[in-house]
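Below are the chains, spelled out letter by letter.
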Amino acid sequence: MKSKHIIYSVLLSFTFLLSCSSSMAPIEVNNTLQTLTKSTLLNQAQATEAIKSNKCKLLVKGRAYVAPIGFTTKNDLKNAAKGIDEWVQMDGGNAYVLINYKWVNVSDDGSTQLTVDFDTMQCQQY
């Protein structure tokens, strides 16, 4: 019984430590974010080419969104994805270009909050 309690405590501590990660690698953000949004994520090169070829129209440049704090970095990203989709929809678009993101320290205990900067677009394809 006591060993079961110790194992539970260790697993709980390990889970807590994993959830305290305050950021993600850029490739991880890019790969994860595009699976969490309903809107289409375009990279900068795709967006530039789509605008030049009249497949997309830039609606709003330089939008910034501060996502609600999640329990994990993936939850932060889910919250950001929800906000991105809401802004893209309100702007009348269906795509976005992630310009920048950063986790900002918001307290002395190490809590962070994700801020994303993006452009919204309306595209014929994608």
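See above for the structure.
Read on for an overview of the structure. (Residues numbered from 1 in each chain as written. Predicted model: local features only at pLDDT ≥ 70, side-chain atom pairs only at ≥ 80, totals over all residues. Heavy atoms only, no water.)

1. Things to note about the state of the cysteines
Per the counting criterion, the structure on display carries one disulfide. With a sulfur-sulfur separation of 2.0 Å, Cys 56 is cross-linked through a disulfide to Cys 123. Note on the Cys 56 and Cys 123 pair: the S-S dihedral is about 115 degrees, so by sign convention the disulfide is right-handed. On the criterion of sequence distance, the pair formed by Cys 56 in strand S2 (residues 56-66) and Cys 123 in strand S4 (residues 112-123) is long-range, its members being 67 residues apart. For Cys 56, a relative accessible area of 6% corresponds to the buried category. (Disulfide = S-S within 2.5 Å. Helix = DSSP H or I, 4+ residues; strand = E, 2+ residues; numbered from the N terminus. Buried < 20%, exposed > 50% of the residue type's maximum accessible area, 1.4 Å probe, protein only.)

2. As for the sheet that holds S2
Pairing in this open sheet of four strands is mixed, and the strands run S1-S3-S4-S2 from one edge to the other. Because the sheet does not close on itself, it has two edges, and the strands there are strand S1 (40-42) and S2. Each strand axis lies, on average, 35 degrees off the axis of its neighbour in the sheet, ignoring direction. Across the sheet, helix H2 (residues 26-36) lies against S1 and strand S3 (95-105), angled at about 125 degrees from S3, the strand it touches most. (Pairing = 2+ DSSP bridges. Axes fitted to C-alpha atoms, helices over the stretch in contact; angles between N-to-C directions. Contact = heavy atoms within 4.5 Å.)

3. Brief notes about the packing of H2 against helix H4 (residues 73-90)
As a packed pair, H2 and H4 sit with axes 9 Å apart at the nearest point and diverge in direction by 50 degrees. On the basis of their axis angle, the class for H2 and H4 is oblique. In this structure, H2 crosses over H4, and the sense of that crossing is right-handed. Contact with H2, carried on its side by Val 29, Thr 32, Leu 33 and Leu 36, involves Lys 74, Leu 77, Lys 78, Ala 81, Ile 84 and Asp 85 of H4 and no other residues of that element. (Parallel < 35°, antiparallel > 145°, perpendicular 65-115°, else oblique. Left-handed = near helix turned anticlockwise from the far one by under 90°.)

4. Looking at H4
Taking 1.5 Å per residue, 18 residues should reach 26 Å; H4 reaches 26 Å between its end C-alpha atoms and fits that length. For H4, the full list of buried residues reads Thr 73, Asp 76, Leu 77, Ala 80, Ala 81, Gly 83, Ile 84, Asp 85 and Val 88. Elements that come into contact with the buried residues of H4 comprise H2, S2, S3 and S4. (Expected span 1.5 Å × (residues − 1).)

5. Points about the packing of aromatic side chains
Inspection of the entire model under this criterion finds two aromatic pairs. Between Tyr 96 and Phe 118, the ring centres sit 6.4 Å apart and the planes meet at 85 degrees, which makes this aromatic pair edge-to-face. Taken as a pair, Tyr 96 in strand S3 and Phe 118 in strand S4 lie far apart in primary sequence, 22 residues in all. Phe 118 carries the same exposure label as Tyr 96, and that label is buried. With a centroid separation of 5.9 Å and 85 degrees between ring planes, the pair formed by Tyr 101 and Trp 103 is classed as edge-to-face. Accessibility classification places Tyr 101 together with Trp 103 in one group, the buried group. (Phe/Tyr/Trp six-rings, centres within 6.5 Å; stacked < 30°, edge-to-face > 60°.)

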